[in-house]
Amino acid sequence: MAASRIVIENCAIATVDANDTEYASGYVVVADNLIESAGAGSAPAGLENVVRRVDGTGHLLTPGLVNTHHHFYQWITRGLATDHNLFNWLVALYPTWARIDESMARAAAQGSLAMMARGGVTTAMDHHYVYPRGSGDLSGAIVEAASETGVRFTLARGSMDRGESDGGLPPDFAVESLDDALAATEATVDRYHDDSFDAMTQIAVAPCSPFSVSTELMRQGAELARRKGVRLHTHGSETVEEEQFCKELFGMGPTDYFESTGWLGSDVWMAHCVHMNDSDIAAFARTGTGVAHCPSSNARLGAGIARVTDMLKAGVPVGLGVDGTASNESGELHTELRNALLVNRLGAHREAALTARQALRLGTHGGAQVLGRAGQIGSIEAGKLADLVLWKLDTLAHSSIADPVVALILGAAAPVTLSLVGGRTVVEDNHLTTVDEDAVARSTRTEARRLARITAAG
């Protein structure tokens, strides 16, 4: 059967390929779920079976955005503990999070995914690590929500086995035993992980963090991931307090601890990595360990400024993350493009820290690298999956910015005229085509109120 083709033309294009190829006015041809060709000028004549032509005049076409760190469940606890550092924030919110159930997890995932997808995300991830006893099939609810939204998805199946009685932060009834956590994680991999080229759902093994997880869960989790051939994810070096905790408990800093438990490697990515010294960065570069940079969350919790410029210079793979919406209430990855550039210019490198094009690379190709999918997504190249976003830049908000990439990164949030995931339309004229946004909003409000009532009742 002949391929069905979509032609997008007359738009500026930032391919984010290895050479940062750009076209002031160009085209992309999509054949079924793949990018067939891209170039300057008009699309080739005589294309067969063209089912749609999109006039991209006044627009910028980029690869779809790739989110590398999130906690969907936090969508229903936004706006709380707004003046806390990380540890105090966790202590304040764990009693609420420990009461989530399947219905809440589904609604929160729907809200998180809808907000990201509407803002240009075509590949999402969720680090879900709160599995209260008797809460239902939380992983299944999250995966189902991603499937309904129509984006590619990595569920980092998290876990915690260090509760309050063992010196951890979460309540004991919100943690799993070592054996239960490992068994449930393996079952999730077996049930959902797809390693095919055009996979929509993948699973990573993701114990939460050094201060909520036993050393044995870290070690056995790494062994499980490598036995099953999936990636590994956790939080690392987020705060000064975490570094002190690791030194007191393990006699070493976070990076050395991770290395001792098998948690450095090209199949691993860490969230945050704010407090990294030269030796830490060198270890990440040597092993190919990736980083999910979350500038808004780091600022919201006062964690600090990650050394992204130094990481990139050393060769560390770096992508962008929304992080949970209890520490980044907007829940949008496209705002992280701008914030990554601005926040990093407050650091040691100042105005030389990041350029607009480096910020775009973090949010696209960098994220694809971190998730282990750079061969399939993250740039506009023939043979890659047709995950594309067409940004509208011809309104008042961007009217006097000549450079379209600068307009996208430093200007006001640009509307999404079209978002494709594998050639399938997910956003049209700034609205989701796959789910009812108003219904999702109603559902998330209902579940947030129900969670608040349950928490208040104790």
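Because the structure is predicted, anything quoted here is derived from the model rather than measured. (Residues numbered from 1 in each chain as written. Predicted model: local features only at pLDDT ≥ 70, side-chain atom pairs only at ≥ 80, totals over all residues. Heavy atoms only, no water.)

1. Considering the overall build of the chain
Reasoning step 1: Along the backbone of the chain there are 14 helices and 17 strands.
Reasoning step 2: Computed over C-alpha atoms, the radius of gyration of the chain comes to 21 Å, within 12% of the 23 Å expected from 2.2 N^0.38 for 458 residues, which places it in the range of a compact globule.
Reasoning step 3: Contacts in the chain between residues at least 24 apart in sequence constitute 74% of all its contacts with a sequence separation of at least 6.
Reasoning step 4: If you sum the accessible surface of the chain, you get close to 16500 Å²; carbon and sulfur atoms cover 49% of it. (Helix = DSSP H or I, 4+ residues; strand = E, 2+ residues; numbered from the N terminus. Rg over C-alpha atoms; globule rule 2.2 N^0.38 Å. Contact = heavy atoms within 4.5 Å. Areas by Shrake-Rupley, 256 points an atom, 1.4 Å probe, with all protein chains shown as cover.)

2. A short note on the pattern of salt bridges
Opposite charge on two side chains allows them to pair when their charged atoms are near.
Reasoning step 1: A complete count under the given rule lists 25 salt bridges for this structure.
Reasoning step 2: Of the charged contacts in the structure, one is a salt bridge between K392 and D394, with a shortest N-O distance of 2.9 Å.
Reasoning step 3: Assessed through its relative accessible area of 44%, D394 is described here as partly exposed.
Reasoning step 4: Linked by salt bridges that have partners in common, E186, D190, R227 and K228 make up one network. (Salt bridge = Lys/Arg side-chain N within 4 Å of Asp/Glu carboxyl O. Buried < 20%, exposed > 50% of the residue type's maximum accessible area, 1.4 Å probe, protein only.)

3. Thoughts on the sheet that holds strand β13 (residues 318-320)
Reasoning step 1: Strand order in the open sheet formed by eight strands is β6-β7-β8-β9-β10-β11-β12-β13, with parallel pairing between adjacent strands. One side of each edge strand has no neighbouring strand; the edge strands of this open sheet are β6 (65-66) and β13.
Reasoning step 2: Summarising the sheet, strand β7 (residues 121-128) and strand β8 (residues 152-159) pair through six bridges and their orientation is parallel. The residue bridging H128 from the neighbouring strand is R157, located in β8.
Reasoning step 3: Set on the sheet, helix α11 (residues 334-344) makes contact with β6, β12 (290-293) and β13; between it and β13 the angle comes to about 125 degrees. (Pairing = 2+ DSSP bridges. Axes fitted to C-alpha atoms, helices over the stretch in contact; angles between N-to-C directions.)

4. Overview of the side chain of T68
Reasoning step 1: Within the element layout of this structure, T68 appears in the loop between β6 and α1 (86-97).
Reasoning step 2: Within the local environment of T68, its side chain forms a polar contact with the backbone oxygen of L320, the two atoms lying 2.8 Å apart. (Polar contact = N/O pair within 3.5 Å; in protein donor to acceptor, adjacent residues only side chain to side chain.)

5. A look at the nonpolar core
Reasoning step 1: Ranked by internal contacts, the top residues of the largest apolar core, which has 109 residues, are W89, W97, L113, M311 and I409.
Reasoning step 2: With eight residues, helix α2 (residues 102-118) is the largest single contributor of residues to this core.
Reasoning step 3: The residues contacting W89, other than those within four sequence positions of it, are Q74, L80, A81, H84, W97, R300, L301, A326 and S327. (Core = buried A, V, L, I, M, F, W, Y, C linked by side-chain atoms within 4.5 Å.)

6. Brief notes about the pairing of strand β5 (residues 59-63)
Reasoning step 1: Within β5, five of the five residues are buried, leaving the element largely enclosed by the surrounding structure.
Reasoning step 2: Strand direction decides the pairing type here: strand β1 (residues 5-14) and β5, joined by two bridges, are parallel. Bridging from a neighbouring strand, A12 pairs with L60 of β5.
Reasoning step 3: Looking at chain direction, β5 and strand β14 (residues 388-392) are connected through five bridges and run antiparallel. For L61, the partnering residue across the bridge sits in β14 and is L390.

7. Re the packing of α2 against helix α14 (residues 437-457)
Reasoning step 1: Close contact between α2 and α14 brings their axes to 9 Å; oriented N to C, the two are set at 140 degrees. Judged by the inter-axis angle, α2 sits oblique to α14. For the pair α2 and α14, the crossing hand works out as left-handed. Contacts between α2 and α14 involve S103, M104, A107, Q110, G111 and R118 from the former and E437, V440, S443, T444, E447, R450, L451 and I454 from the latter.
Reasoning step 2: Grouping the constituent residues of the contact of α2 with α14 by class yields five nonpolar, five polar and four charged. (Parallel < 35°, antiparallel > 145°, perpendicular 65-115°, else oblique. Left-handed = near helix turned anticlockwise from the far one by under 90°. Nonpolar A, V, L, I, M, F, W, Y, C, P; charged D, E, K, R; others polar.)

8. Describing the pairing of strand β3 (residues 34-40)
Reasoning step 1: The pairing of strand β2 (residues 22-31) with β3 spans six bridges and is classified as antiparallel. Paired with A31 across the bridge in β3 is L34.

9. A short note on the confidence of the model for the chain
Reasoning step 1: Overall, the predicted model of the chain reaches an average pLDDT of 96, with 100% of residues at or above 70.
Reasoning step 2: Element-level mean pLDDT values for the chain span from 87 in α1 up to 99 in β5. (pLDDT = per-residue confidence, 0-100.)

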